[in-house]
Amino acid sequence: MYDFMEYCLKRFYRASGWNVENQYANLCSWSRAILDFQTPSGCSLVISGLPTPQFKPTYTLNALPTLNGSLGYLYTSKDLDIGKSATVDYQEMIDRFRIIVHPPKKTEKQEQIQPDYLLYGRMFFPGARLEAMYVRRLSDHLQYLITAVNSLRSPSPHVAMQLQYDKGKWCSECSYTSDDGLLGARALYNIGYSNTTPYTGQWSIGTELYYGVLDKSGGLSTGVRYHAPSTPTSPPFSFTYTLNPIVGHMSTSYVAQVSNELILCSRFDFSIYSYESDLVFGFEYKTKESNALVTEVDIDDSTLTVVEKDAGDHTEKLEGLIKAKWGFTNGLSLMWEGRLKNALFSFGLTADLRSTNPIRSVGMEVQYFS
């Protein structure tokens, strides 16, 4: 489940028309949503307020295994329709498998983007660690993002800056991190991209270069991805392959939606130099209110729902999600996310089935905002 502030950031991106899926960092977003989910640790309670469309506070309390918490505030120049936890579309609150397609081409008048911005700050206690974020749209295709983290133990704050340029067919990013003087550049290119023709599948290729000014070392990674939509003869699926030749790591993943409720995923990681490898399997299963058979396709900030049989007056909404993954290295992880009354909850556990005490951790998180 997304943190409330993270969810507000995603809503800001959608409201301002920014496509985060068209970035190299999200090349493997489908497989990561299923295989890299983090289960709650201990007991957490998150309470957030919606006093105005622009301003939103949030409070977090973690009771186990230690008592800690945080206090955060967020302000946007653009009104954000977040909704209450009792009525919010739950499928937007979780990191899950979803099919993103390009919207129809807009006219030049419709493409004019306002220079909207987002300000966010949070303090963690005990320790008084501070983190902040500033996002600013500069034009239709350009935005920059600044994040900073400061604590009493650090003599100076850690600042990271990103400049992102997205043309739809391709997207590039430049970044700088102050703590180690790391310079980076990323690019993603979509082969056969068109925002005027129906979405029929797409190849994407990307790369990342980075260089540490302080330690005089660099790195390189590259990857390729293929997304295919649902057809009468095959379900929607995605294949990705990434390679980091300097550290010798390669990874390949495959995701397929075998039904409206079930998505399967597998990933194989291999080290060229040490011959170490890991194989991970996972799935996510959706539970819904109605029995109608539907297929969802997200188009920017709207959701296209195709009902294959009469659903009556019922509205199809995702009210629960079960995730599971198992790998040779990290063992078993289970998570159940859903809505109970007016609150959202997430319950999970991790286990090592080869150990005499298999349960590693159990946790639960509850979110409420109104």
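What you see is a predicted model; the values in this text were computed from it and never measured.

Parameters at a glance
Residues numbered from 1 in each chain as written. Predicted model: local features only at pLDDT ≥ 70, side-chain atom pairs only at ≥ 80, totals over all residues. Heavy atoms only, no water. Helix = DSSP H or I, 4+ residues; strand = E, 2+ residues; numbered from the N terminus. Buried < 20%, exposed > 50% of the residue type's maximum accessible area, 1.4 Å probe, protein only. Contact = heavy atoms within 4.5 Å. Areas by Shrake-Rupley, 256 points an atom, 1.4 Å probe, with all protein chains shown as cover. Pairing = 2+ DSSP bridges. Phe/Tyr/Trp six-rings, centres within 6.5 Å; stacked < 30°, edge-to-face > 60°. Lys NZ or Arg CZ within 6 Å of the ring centre and 35° of its normal. Core = buried A, V, L, I, M, F, W, Y, C linked by side-chain atoms within 4.5 Å. Patch = residues over 30% accessible without salt bridge, like charges linked within 9 Å, V, L, I, M, F, W, Y side chains within 5 Å. Salt bridge = Lys/Arg side-chain N within 4 Å of Asp/Glu carboxyl O. Lys, Arg positive; Asp, Glu negative; His and termini not counted. Polar contact = N/O pair within 3.5 Å; in protein donor to acceptor, adjacent residues only side chain to side chain. Expected span 1.5 Å × (residues − 1). pLDDT = per-residue confidence, 0-100. Disulfide = S-S within 2.5 Å.

Draft legend 1. Broad picture of the overall build of the protein chain. Helix and strand content of the protein chain: 2 helices and 22 strands. Sorting the 370 residues of the protein chain into buried and exposed places 40% on the buried side. Put simply, 50% of the contacts in the protein chain that link residues at least 6 apart link residues at least 24 apart. For the protein chain, the computed accessible surface area is about 19300 Å², with 60% contributed by carbon and sulfur atoms.

Draft legend 2. Here's a closer look at the pairing of strand 6 (residues 129-137). Pairing analysis gives 8 bridges linking strand 5 (residues 117-125) to strand 6, with the strands arranged antiparallel. Counterpart to Leu118 in the pairing with strand 6 is Val135. The hairpin turn running from strand 5 into strand 6, its antiparallel successor, is 3 residues long, and Gly127 in that turn takes a positive phi close to 110 degrees. Alignment of strand 6 against strand 7 (residues 142-150), held across 8 bridges, turns out to be antiparallel. Each bridged residue has a counterpart across the sheet, and for Arg137 the counterpart in strand 7 is Gln143.

Draft legend 3. Examining the packing of aromatic side chains more closely. Summed over all chains, the structure comprises 15 aromatic pairs. Through a chain of ring-to-ring contacts, the aromatic side chains of Tyr75, Tyr117, Tyr134 and Tyr144 assemble into a single cluster. Over the face of the ring belonging to Phe124 we find Arg129, whose NZ or CZ atom lies 4.2 Å from the ring centre. The lysine or arginine in question, Lys325, covers the ring of Phe37, its NZ or CZ lying 4.8 Å from the ring centre.

Draft legend 4. Representation of the nonpolar core in the model. In terms of nonpolar packing, the biggest core is built from 25 residues, with Tyr13, Ile82, Met93, Leu118, Val135, Leu344 and Phe369 touching the most fellow members. At the level of secondary structure, the elements contributing two or more residues to this core comprise helix 1 (4-15), strand 5 and strand 6. Broken down by element, this core gets its largest block of residues, 7 residues, from helix 1. Sequence-distant contacts of Met93, defined by excluding residues within four places in its chain, comprise Met1, Tyr2, Tyr7, Val88, Leu344, Gln367 and Phe369. Membership of the second largest hydrophobic core comes to 9 residues, among which are Ile34, Leu35, Ile263 and Cys265.

Draft legend 5. Focus on a nonpolar patch on the surface. Judged by side-chain polarity, Leu45, Ile47, Phe55, Tyr59, Leu61, Leu67, Tyr73, Tyr75, Leu119 and Tyr368 come together as a nonpolar surface patch covering roughly 900 Å² of accessible area. When contributions to the nonpolar patch are tallied by element, the ones reaching two or more residues are strand 1 (42-48), strand 2 (55-62) and strand 3 (68-76). Here the element with the most residues in the nonpolar patch is strand 2; it accounts for 3 residues. As for its placement among the helices and strands, Leu119 is situated in strand 5. Using a relative accessible area of 40% as the deciding quantity, one classes Leu119 as partly exposed.

Draft legend 6. View of the pairing of strand 12 (residues 217-228). Where strand 11 (residues 202-212) and strand 12 come together, 11 bridges link them in antiparallel fashion. Each bridged residue has a counterpart across the sheet, and for Tyr211 the counterpart in strand 12 is Gly218. The antiparallel hairpin formed by strand 11 and strand 12 contains 4 residues in its connecting segment, where Lys216 sits at a positive phi of about 55 degrees. By the bridge criterion, 7 bridges tie strand 12 to strand 13 (residues 237-244) in an arrangement that is antiparallel.

Draft legend 7. Fine view of the side chain of Asp166. Relative to the helices and strands, Asp166 resides in strand 8 (residues 158-166). Buried within the structure, Asp166 lacks any salt-bridge partner; its nearest side chain of opposite charge belongs to Arg137, at an N-O separation of 7.9 Å. Looking at Asp166, its side chain comes within polar contact range of the side chain of Asn22, at 2.7 Å. Here Gly168 takes part through its backbone nitrogen, which lies 2.8 Å from a polar atom of the side chain of Asp166. Not counting residues up to four positions away in its chain, the partners in contact with Asp166 are Trp18, Asn19, Asn22, His141 and Cys171.

Draft legend 8. Local environment of helix 1. The first and last C-alpha atoms of helix 1 sit 16 Å apart over 12 residues, in line with the 16 Å expected at 1.5 Å per residue. Within helix 1, the full set of buried residues consists of Phe4, Met5, Tyr7, Cys8, Leu9, Phe12, Tyr13 and Arg14. The residue sitting at the N-terminus of helix 1 and contributing the capping side-chain oxygen is Asp3; that oxygen lies 3.0 Å from the backbone nitrogen of Met5. The first or second residue beyond helix 1 is Gly17, which carries a positive phi of 80 degrees.

Draft legend 9. Examining the confidence of the model for the protein chain more closely. Predicted confidence across the protein chain gives a mean pLDDT of 86, with 86% of residues reaching 70 or more. Taken together, the stretch residues 301-316 has pLDDT below 50 and engages in 30 contacts with residues farther than four places along the chain or on a different chain.

Draft legend 10. Looking closely at the pattern of salt bridges. Counted by the stated rule, this structure contains 8 salt bridges. The partner of Asp36 in a salt bridge is Arg267, and the shortest N-O contact between them spans 2.9 Å. On the criterion of sequence distance, the pair formed by Asp36 in the loop between helix 2 (29-35) and strand 1 and Arg267 in strand 15 (residues 262-271) is long-range, its members being 231 residues apart. For Arg267, a relative accessible area of 14% puts it in the buried group. Here Glu208 makes a salt bridge to Arg186, at a shortest N to O gap of 2.9 Å. Of this pair, Glu208 sits in strand 11 while Arg186 sits in strand 10 (residues 182-191), and the two are 22 residues apart along the sequence.

Draft legend 11. Just the state of the cysteines, in detail. Going through the model one piece at a time under the given rule, you end up with 0 disulfides. Free of any disulfide, Cys265 has its nearest cysteine sulfur in Cys28, 9.7 Å distant. Among the residues examined, Cys265 registers a relative accessible area of 5% and is labelled buried.

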